[in-house]
Structures are given as C-alpha cells and as structure tokens.
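A structural walkthrough
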Amino acid sequence: MAASNADTWYSNPFPLVPVVRLGPSADLGDAPVEAADSGNAHVPTRILGELQDLVRDYLRDRPRGGRRGRAIAVVGEFGLGKSHAAREVCNGLARPDGPAMWIVDEPAQDFGRMYRDRLRGPADTPEGRAAFEELVRDYYAYVTAVRVGEQSSGPRPGRADDVPLDDIALDDIATGLRDRVLDPDKVVSALRYDPEVLHADLRVTLGEVTEHRRFATALALLQDPRFTSMVWAWLTGDEPAQQLKERGIKDAVTGIDPVFDALAVQGFLHGRVGKPYVLLIDSLEKVLDWPEESRRTFVDAFERLVNVYVSRGGLLVFCTSPRGLNAFRPSLHERVVQLWPNRFTADLTAELVAEYVGSGPRPASAQGTDAPERWPAPFGAESVAILQELTGGVPREILKTCHHAWQLSEDSGGAVREVTAATVLRAVRGLHDNVSEDQVLSTIHDALALGQWRIASRDPVPARASSDDGSLVVAYWLEPVPNAYIAIVVTGSVLVADDQEHITARVRALRGALHPAQAEVLLVVNGHVSRTMRDRLARSLGSQPLLYRPGDFPRAVNEALDRLRARLTELRQEADLAELTGELRGALGEHSAQLGQLRRTVSDLARRDLVAVAPGPARSALPEPVEGRFEEVFALLDAAVEQLAGRPADDGEGPPPRAGRADLTALGCATLVRQLTERFRTGADTWFRSAAPGATDEQWARLRRVCREYETAVEVLPVQSLGSPGPAHRPTAARAVEALADEVWGALVSAVRAP
C-alpha cells in the first residue's frame, strides 16, 4: 500500500472475501498477497495465546517414557478466527526442524480422493519422505532391540561408541537407539530384524484400531529399494502395484476407515520412537452435511483417531462449530481441550483495522486531547465503534465491511482520506440488502404452503397494512386461531435507533388496532440486524425478529409461526378467563350491594324470625331422595346467609359489626349459588317429568348437560367462603353444592331405571 501523504491512502488493503485456508505457502503468510485472505494481518487474542501455549507445552515434553498426547478443539461460530488460529499454529510448526505434520483443510465425503489429492503431510517433499524412511528404520531397530533385550540374560560391559555391536548389551542397544547414539541401519543389519517383529508390535498396540498386517508389510518393504516407490505410491492413496498385491496389500487406502487407519499408523510410528507428530483439521462441521451412514462412520473413525493421538503421544488440533462438536459422543468431549474464541471488542476491532491499513500504533503527536483522531486511520473512533456494533465483533464481517466501506470512500482518483460512520452504514446496507423483496415474499409464500397456514379472508387492519414510505410491508395476515391473527411484516436492514423506533411505532399501531390477545407479529428482516438491535426489537415488539437467509428459511418461518400460534392460543385462553372473571366479579358486586341492604334489614331480626320469613321452595315431582337432598342444600345455604348477615358483635351486645369486603363477597356468593341451585332443581324436575318411567339416550344426554352446567358454574365460584369447612363429618354448604350434581345424577338414574 502506498500513500501520497500522511492523510491520504490508496489501494484497498482489505480482502474482498476474508477466508483463511491451511493451504499453500502464499496462503500460509510467507508473503502478504494483495486482496488475499485474512492472513495478511495478525491480531493477538486470548484464544490464540492459549492455543500456542498448549502447543509449546506439548513440544516441551521429554520423549523418554512417552510423550503426553493431547487433542485440542477450537470451537466457535463461523468467522470468529478458528482457521486463523490453526494457521498460526501451522506457521509455527512448518519449519525444517519442526514435527511431522498432516493437514486437512476440510473433510470431503470422498475421503479417498481427499487423502490422495488434498491431504498434506511429510510425504509431499523428498525431505519428508527421507525423514519418514529413517523413522521406519528407527522403529524397526527400536522394536527389535527391545524384543531381543527382553530375552537377554543380562548386560555385558561395553560402550556405545567405537565398540562392536556384538560386545554391547541388548538393553544398551535399545537405550542407544532412543538417545540417537547408535546408527539404526547398523543395528537393523546386525540384529537381522524380522518383519513379524514389527507386525507383532503393531498388533499389540493398534490391533483394535487398524488393519495392522498390511501396514506392517508395507513398512517392511519400504526398506527395500525395489519396493520403496511402490510403497510410497500406496501410502499416498494409489492402487497397490501387482508386487504389493502378491504380498497381501490388496486395496488402496480409500474410504473413511482406511484413511484414518493410515493416519493412525503413520502417527503412531513417530510416537513409538519419541518424536512429536501433529494433525491439523479445519472445518470439521462439514461432516454434518454428509449422509447419515457416512457421517456415522466418520464420527466413529475420528473418535478412534483421537484416542490414538491422546494415548500415543500425538497432537491433534481441529476446528469446528458448536453443532459439529455436539455430533460427537460425550466421551470425546472429555478427552479434548476445548478453546472457544470470543467476538472482538472495540479495541480489538480497532487493532485489526489498523493492522490492515498499516497505520500501526497511535503516533506520539496524536496523543494530546486536541489532536485529531488518526488511529486507525482513515477510520475514526466513531467509525470503529459502529463497525464493531454492526458486525457483532465477528472478524470476518469486520473485514468484509471495511473492504466495502473503503470502496465507497474512494474519490475519483482512488484516494481515501476518511471512512466515516455514515459510510460504514452504507457499506453494511450494500453488503446485506441484496435480496429483492419479491424473492423474500416468494419464499414466505412457499413456507406458508409448506405449513398449510390459514390466510385470513380479510385484512383486519387494512388501513395500517403498510407504512407510508413502503419500508414496512405486511406480507400476510394469518388466522391460526378463530378471530386471532399473526401479521408477517417484512422490512429492510435495521441498523440504527431511528430504524428500530420507526418499526416499533408501525408494529405497535398494527397491534393496537386489535385486542392485545388477538394479534402477534412476525418481523422478517431482509438485510442485516446486529445482535444488540435484535435484542432491542425483541423487547419492544414482544417477539424475536427473523433474519432472512437463503436455505432453511422456510423451516425457520414455520417454527416461528408455531411458537406465535401457541402464544396466541394461550393469550386467548387467558383473555377468556379474565372476561369470565370480570363478569363474575361484576355479578358479585351487584349482589354485594343488594346484600348490603339485606344485611342491614335482617341484622335486627332474630334467628326464628329470619327462618319464619325465609321463603321455602315449592315442592317438585322429583323422587323423595332427590328432593330431600335439594332441601338440605337450601337449608345449608340459608344458614350460611343468616350467619353472615346476622353475625353478632364479639361481646354479644351492641349492633353487629360493619360488613367487610370478604363478608359481602361471601353473601353474594351464597345468594348466587342459591339461585343456581334453584335453577338446577327446576331443570332436574322438568327432565324427570318428561323422562319417567323410561328415558332415551337423548334424554340421558340432556340430564348429563343439566348436571354438568351446574357443576361448572359452582367450580368457578368461591364457595369455600361460605364458612369454615369444620370437621370432616359435619356437612357444610361448600361440600354440599360441590357434590350435589353427582348425587342428583346418581339418584335420578336409580329412580328412572328402577323396575
């Protein structure tokens, strides 16, 4: 990037598509590439420091006694820098004296082709192949020496240097091989190693992991110059040559299980002789898109590979999304170290922008309070703040937005002097407002057809169906519940407070035109909305906005509508209950007023006078048991009214106390229950007159309805306020009216059906 003066910049330094790949050397950060991926800049973060510390700790382990293996999972959503962290590890290890390293950019369903064409490892260079061949010789010599040393009767005196091998104790040979003092070629030649020794060792250590025999055969043949190139071709994924087939190597290394077997064996050889070895896998969540059978096979094979690396001294680092990690069993979670990247703060965002712009740290001359803001130039503090808020601190989104904002800030000569906050807003809209409204409406239409949603026959709020400026559109009015509606509202990007306030006002107007229990709103944002703004909208609208994204949007629409329908149903039930409660309270209020007058009248009467004037109900044609039960209930209710209306003062003298709110409520309840009971008796009497001596199914249904109506009416009334329940054996008004419907039903059934 060149600059003509301190306040002018040229050449957009931000990547058009910020993508990090564990790819060739140019992508590995060896040299910055214009408009390349995000490897051109590096911002130290907590997660990267922790990952590098874990890698350094692994490499510091002393190989004697076995290196400690470990598996590390870098877990996070897309764009948070997981691949960047893995590549920094790759850069630190990709040196001549570094450990053996295998790299997988992302798993492919055709695992054999991926292993053959895309897997990068030691076999890619002559130096790597030579190192692996030397490793195999070390392994043969080590295993052979240990095996023979176990059979030795005891050490013989001697030194490792300048002493014939025949005069050195076999256990000293094993020690000399581990310490790299002895020449493995001489040891192998002197001890006349047997391929079965290698096979036996593989069988013991990897027998449950891989097909050890063909790998043992291949590694034994690797030492023979006649077969070296054939073995390498097979180890890198080619079909085995005829000479190898004759020796038991029948198939190519292809498919998920064989590829992981090859990685396990090659890594195990390094660990067996005390050398570190590393496997880096990026984008592991790609496996979730595979068919079920392939995905299950991969999960099983990968878990076995993790076990090999952890137990055999390897380092496995893989990057995945949270959903990808959850695809594995809990046992794997316990065996890996999990690192979760955080979103960038405003300070980290400023540092990332500054790294790309090349402005570096704030100049000393700009430290004063009156000095103009020049860090990270040409982005000012306000631009960086709104950039961090709108992108949610996701590095990939930050870089994409910076690239577009830079383009919008260029003058006719391609120079950039300032990237303002307004330009950042324009850049966000330009990046995300790229799907036509017709396309969004068409997708919503398909989603409604998929879910078989009922579209309202008329718009309940036609005059408010859209905003004056056309930025808020009611796409559909749905009627999932009779006389209750869901409005699907479509809007563009919601970036600033004015956008949020405008939408809130329009949606509240829609909902305000209907009963609160009759309307819900699903807001679909066709563009961008930050996490902060989404939370604000959710608080003001009462429901989470839905962001339009191609792919599974129809499923997301149906799930959101299902939740809103359930909420509407619940609201309607609550509204109905509140309406019924209001009506009952009104009725009780009226009765309370009437009974207040009654209380003042009857409080001066003696109990016998009240009973004498109390009108008794006329006799009915009901059977004696039924009529007698009704008379008992009337008597209990009359007694409750008398007690409440004529309750004496505490000392038995003076006027009765003034009726309280609870007393008035109980009096109203008693009066209302008596009226309901009289109506119940009249309905039962009418039914009995028409049904006796026999009854049809329709008549039985009518009796059941009469009883049920009384029972339902009593259930919603506070009958327990008619007096203390008292002992369980003593009848009370509350107990009597609650059981009356069942008793009348049973008595009438017995009376009508009796011969």
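Residues numbered from 1 in each chain as written. Predicted model: local features only at pLDDT ≥ 70, side-chain atom pairs only at ≥ 80, totals over all residues. Heavy atoms only, no water.

Describing the side chain of Asp685
Operational definition: Numbering of helices and strands starts at the N terminus; helices are DSSP runs of H or I of at least 4 residues and strands are runs of E of at least 2. Polar contact criterion, stated in full: a pair of N or O atoms within 3.5 Å, where within protein one must be able to donate a hydrogen and the other to accept it, and residues adjacent in sequence count only if both atoms are side-chain atoms. Residue contacts are defined here by distance: any two heavy atoms, one from each residue, within 4.5 Å place the two residues in contact.
Along the chain, the position of Asp685 falls in helix 25 (residues 661–691). A polar side-chain atom of Asp685 sits 2.9 Å from a polar atom in the side chain of Arg689. Leaving out residues up to four positions away in the same chain, Asp685 has contacts with Ser620, Ala621 and Leu622.

Notes on the packing of helix 3 (residues 111–118) against helix 11 (residues 256–272)
As a reminder of what qualifies: Axis angles are defined between N-to-C directions and span 0 to 180 degrees, where every axis is a line fitted to C-alpha atoms and, for a helix, only to the segment in contact. Small angles under 35 degrees read as roughly parallel and large ones over 145 as roughly antiparallel, with 65 to 115 read as roughly perpendicular and the rest as oblique.
Look at helix 3 against helix 11: their axes get within 7 Å of each other, and the N-to-C directions meet at 40°. It follows that helix 3 is oblique to helix 11 by the angle criterion. Each of Phe111, Gly112 and Tyr115 in helix 3 lies in contact with helix 11, whose residues at this interface are Ile256, Val259, Phe260, Ala262 and Gln266.

Section: the pattern of salt bridges
Put simply, the rule reads: Here, a salt bridge means any Lys or Arg side-chain nitrogen found within 4 Å of an Asp or Glu carboxyl oxygen. Using a 1.4 Å probe on the protein chains alone, a residue whose accessible area is under 20% of its type maximum counts as buried, one over 50% counts as exposed, and one in between counts as partly exposed.
One pass over the structure, following the stated rule, counts 31 salt bridges. Among the salt bridges present, the one from Asp105 reaches Arg120, with a minimum N-O distance of 3.4 Å. On the criterion of sequence distance, the pair formed by Asp105 in the loop between strand 2 (100–104) and helix 3 and Arg120 in the loop between helix 3 and helix 4 (126–150) is long-range, its members being 15 residues apart. Looking at Arg120, the relative accessible area reads 23%, which means it is partly exposed. Linking Arg296 and Glu292 is a salt bridge whose minimum nitrogen-to-oxygen distance equals 3.1 Å. Of this pair, Arg296 and Glu292 both sit in helix 12 (residues 292–311), four residues apart, which is roughly one turn of the helix. By relative accessible area, which is 43% here, Glu292 ends up partly exposed. In this structure, a network of salt bridges that share partners links the residues Asp57, Arg60, Arg68 and Arg70.

Brief notes about the pairing of strand 1 (residues 70–75)
Selection criterion: Two strands are counted as paired when DSSP detects at least two bridges linking them.
Counting buried positions along strand 1 gives six out of six residues, so the element sits mostly inside the fold. Covered by surrounding structure in strand 1 are Arg70, Ile72 and Val74 together with Ala71, Ala73 and Val75, the residues of both alternating faces. Where strand 1 meets strand 4 (residues 315–320), six bridges bridge the pair, whose relative direction is parallel. Following the sheet pairing, Arg70 is matched in strand 4 by Leu315. As paired strands, strand 1 and strand 5 (residues 336–339) are joined by four bridges and run parallel to one another. Counted as the bridge partner of Ala71 is Val336 from strand 5.

Some thoughts on the pairing of strand 3 (residues 277–281)
How we decide: Orient the strands so they point away from the viewer; a crossover is then right-handed if the path from the first strand over the helix to the second runs clockwise.
The buried fraction of strand 3 amounts to five of the five residues, a majority that puts the element mostly inside the structure. The side-chain alternation of strand 3 yields two buried faces, one formed by Tyr277, Leu279 and Ile281 and the other by Val278 and Leu280. Bridging between strand 2 and strand 3 involves five bridges; their strand directions are parallel. Counterpart to Ile103 in the pairing with strand 3 is Leu280. Once the chain exits strand 3 it traverses helix 12 before rejoining the sheet at strand 4, and the crossover so formed is right-handed.

As for helix 20 (residues 497–512)
Operational definition: To estimate how far a helix should reach, multiply one less than its number of residues by 1.5 Å. What the arc measures is the spread of directions leading from the helix axis to the C-beta atoms.
Across its 16 residues, helix 20 extends 22 Å between first and last C-alpha, which sits within 8% of the 22 Å expected from 1.5 Å per residue. Here helix 20 has its buried residues at Asp499, Gln500, Ile503, Thr504, Val507 and Leu510. Along the long axis of helix 20, the arc covered by the buried residues comes to 125°, so they all point the same way. Seen from the open side of helix 20, the exposed residues pointing more than 90 degrees away from its buried face are Asp498, Arg508 and Gly512. Here the buried face of helix 20 lies against helix 18 (421–432), strand 6 (472–481), strand 7 (484–491), strand 8 (519–525) and helix 21 (531–541).

Concerning the sheet that holds strand 5
Pairing in this open sheet of five strands is parallel, and the strands run 2-3-4-1-5 from one edge to the other. Across the chains shown, the open sheet's two edge strands, defined by having one partner strand only, are strand 2 and strand 5. Adjacent strand axes in the sheet meet at a mean angle of 15° when their direction is disregarded.

Notes on empty space enclosed by the protein
Unfilled space is identified by rolling a water-sized probe across the atoms. Applied cut-off: In this analysis, the protein atoms alone were mapped onto a 1 Å grid. Cavities are point sets where a 1.4 Å probe fits without being able to get out; pockets are open sets with protein on both sides within 12 Å along at least five of seven lines; lining residues have an atom within 4 Å of a point. Grid points are joined across faces, edges and corners, and a volume is the space filled by probe spheres set on the points. Ten residue types, Ala, Val, Leu, Ile, Met, Phe, Trp, Tyr, Cys and Pro, are classed as nonpolar, four, Asp, Glu, Lys and Arg, as charged, and the remainder, Gly among them, as polar.
Within this structure, the stated rule accounts for five cavities of 30 Å³ or more. Size it by volume and the largest cavity reaches roughly 50 Å³. What lines the largest cavity is Val104, Pro107, Phe111, Met114, Phe260, Leu263, Ile281 and Phe298. Elements that contribute at least two residues to the lining of the largest cavity include exactly helix 3 and helix 11. In terms of residue class, the lining of the largest cavity is made up of eight nonpolar, no polar and no charged.

What about the side chain of Asp499?
For Asp499, the position within the fold is in helix 20. Side chain to side chain, Asp499 and Arg429 meet in a polar contact 2.9 Å long. If sequence neighbours within four positions are ignored, Asp499 has contacts with Arg429, Ser493 and Val494.

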